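Overview (structure and organization)
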Amino acid sequence: MDLAARLEALALRAEQDVRTVATLERLEELRVAYLGRKGELAELLKGLATATAEERPRLGALANEMKQRIEASFASADQALRTAASASQLAGEKEDVTEPGMRPPQGHLHLVSEAIREISAIFEKIGFTRTRHPEVDWDHFAFEALNMPKDHPARDEWETFFVDAPVSETHGKMVLTPHTSNGQVREMLRGELPIRMINIAKTYRRQSDATHVPMFHQFEGLFVDKQVSIAHLRGILDHFFQAFFGPTRRSRLRPFHFRFTEPSFEIDISCGICDGTGLVDGAKCRVCKRGWLELGGAGMVHPNVLKAGGIDPDVYSGFAFGWGVERTYMMKEGIKVDDIRILYKNDLRFLQQF
Ligand code: DAH
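Conventions adopted
Residues numbered from 1 in each chain as written. Predicted model: local features only at pLDDT ≥ 70, side-chain atom pairs only at ≥ 80, totals over all residues. Heavy atoms only, no water. Salt bridge = Lys/Arg side-chain N within 4 Å of Asp/Glu carboxyl O. Buried < 20%, exposed > 50% of the residue type's maximum accessible area, 1.4 Å probe, protein only. Near = heavy atom within 4 Å. Polar contact = N/O pair within 3.5 Å; in protein donor to acceptor, adjacent residues only side chain to side chain. Areas by Shrake-Rupley, 256 points an atom, 1.4 Å probe, with all protein chains shown as cover. Helix = DSSP H or I, 4+ residues; strand = E, 2+ residues; numbered from the N terminus. Nonpolar A, V, L, I, M, F, W, Y, C, P; charged D, E, K, R; others polar. Core = buried A, V, L, I, M, F, W, Y, C linked by side-chain atoms within 4.5 Å. Patch = residues over 30% accessible without salt bridge, like charges linked within 9 Å, V, L, I, M, F, W, Y side chains within 5 Å. Contact = heavy atoms within 4.5 Å. Domains from an automatic or database assignment. Phe/Tyr/Trp six-rings, centres within 6.5 Å; stacked < 30°, edge-to-face > 60°. Lys NZ or Arg CZ within 6 Å of the ring centre and 35° of its normal.

For the rest of this paragraph, the subject is the pattern of salt bridges. According to the stated counting rule, one finds 20 salt bridges in the structure shown. Where K150 meets E144, a salt bridge forms, and the shortest distance between an N and an O atom there is 3.2 Å. By relative accessible area, which is 31% here, E144 ends up partly exposed. Across the pair D347 and R349 runs a salt bridge, and its minimum N-O distance is 2.8 Å. Salt bridges sharing common partners tie together R252, R254, E266, D268, R290 and E294.

Taken together, the neighbourhood of the ligand is formed by 16 residues, with H179, S181, R205, Q218 and E220 sitting nearest. At 2.8 Å from an oxygen atom of the ligand is found a side-chain nitrogen or oxygen belonging to R205. Between an oxygen atom of the ligand and a side-chain N or O atom of Q218, the distance comes to 3.1 Å. Taken by itself the ligand offers 350 Å² of open surface, and the protein chains cover 94% of this. Elements that contribute at least two residues to the shell around the ligand include exactly β6 (215-225), β11 (292-301) and β12 (317-324). Classifying every residue of the shell around the ligand by side-chain character gives six nonpolar, eight polar and two charged.

Let us look at helix α7 (residues 182-189). With six of eight residues buried, α7 is to be regarded as a mostly interior element. For α7, every residue scored as buried is listed here: N182, G183, Q184, V185, E187 and M188. Just past α7, the residue G191 takes up positive phi, approximately 85 degrees.

Before going further, it helps to examine the nonpolar core. Ranked by size, the top nonpolar core spans 45 residues in total, and within it F123, F219, F240, F321 and W323 carry the most contacts. One finds A11, V21, L41 and L81 within the second-largest nonpolar core, a separate group that totals 23 residues.

Attention now moves to a nonpolar patch on the surface. Together, I273, V280 and V287 make up a nonpolar patch on the protein surface, roughly 230 Å² of accessible area in all. Note that V280 resides in strand β9 (residues 279-280).

As for its position among the elements, E187 is in helix α7. For E187, a relative accessible area of 8% translates into the label buried. Other than its neighbours up to four places away in sequence, E187 contacts T131, H133, I195, M197 and L222.

The next subject is the domain arrangement of the chain. When cut into domains, the chain gives domain 1 (3-91) and domain 2 (111-351). Distance between the C-alpha centres of domain 1 and domain 2: 91 Å.

So, on to the packing of aromatic side chains. Evaluation of the coordinates by the stated rule reveals 21 aromatic pairs. Here the aromatic rings of F123 and F240 are separated by 5.0 Å at their centres, their planes lie at 15 degrees, and the arrangement is stacked. Note that F123 is positioned in helix α5 (residues 111-125) and F240 in helix α8 (residues 230-245), a separation of 117 residues in sequence. Pair check on accessibility: F123 and F240 agree, each one buried. Between F319 and F321, the ring centres sit 6.5 Å apart and the planes meet at 20 degrees, which makes this aromatic pair stacked. One Lys or Arg, K173, reaches over the ring of F162 and ends 5.2 Å from the middle of that ring.

The next point concerns the side chain of S264. Relative to the assigned elements, S264 resides in strand β8 (residues 261-270). Judged by relative accessible area, S264 falls into the buried class, the value being 4%. Within the structure, S264 has its side chain in polar contact with the backbone nitrogen of F258 (distance 3.1 Å).

A few words on unusual backbone geometry. Put simply, L193 and P194 share a cis peptide bond, and its omega is -5 degrees. Among the structural elements, P194 can be located in the loop between α7 and β5 (195-204). Here E262 and P263 are connected by a cis peptide whose omega angle stands at -5 degrees. With respect to the helices, strands and loops of the structure, P263 is situated in strand β8. Phi at Q227 takes a positive value of approximately 55 degrees, unusual for a residue other than glycine. Relative to the helices and strands, Q227 is located in the loop between β6 and α8. The exposed category is assigned to Q227, whose relative accessible area is 71%. A positive phi angle, close to 55 degrees, is found at D275, a residue other than glycine.

The following block contains the structure:
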């Protein structure tokens, strides 16, 4: 057989072989065998060297043509095999609609936000309205109108941040509110009676240690009407305690002193572990030690405060209370944290427990 015939025979055989190939690996082996540097085509082309000068261009052109035919057949086989492979992969991966889905991670509100919502809801049910008063306010509302004149030593307790801002002739300096009691006189000055306010806001004091953070939250209740008595205060407190802490909890008033209430009290709640007895199986209760837990301040609104709010203390009376949200919430959950600052560290390992 001459070179031309052998070239055509090679192309034909390659095309036939390629047609029977079932895998990409086998196709590659064949490609090397036919078209590789030491493959059959290369071998045949060595014969060109011995061809005569007249024959050489024709043979060269033929060799090229055969090479292209072989390459084309490999390319189309390659394509067909790849398409088939991906089709069979897809068939194997068919979606199973009955497979249980993956639950996206679900967060929840911050503990303090949850506590605020719960506290508001409990008071709203008995006719209190959640109000908003400034968290940056005048000295007047934070102290002066609450019966704490300038330079009164009682002010020391509220380690106050003063704001570097112009001083008002009538209202004094600006402060970051150190308690929510600034809302009392502001609410009175709105001029609507009776008042049933629950004021929940951020409060600030210059303090930071294991049991204090410089920014925390308080909720302040204010009830002003005719003939309001301490009995009403107790009734409202017991309602809140039972709704928030559980049906068996009771309140206790201990005499105390605040400038803006008279009389003033510290409010205790009966301990949920020993039910106010201070004893568990004859031994001292480890949670409270004496049957009661301290919650915060309350009292009957001082006549001077009513006057500052434009209310006649001979006609109206009222009670008020103000407690820390964080502290109250931690008591509810029985959460004992070594360091209260963890509430504001956004450490998910802590927050996700609740
Ligand atoms: N404002 C007080 C504080 O931050 C708490 C307080 C005591 C609020 C007695 C009151 C109250 O409304 O009547 O320590």
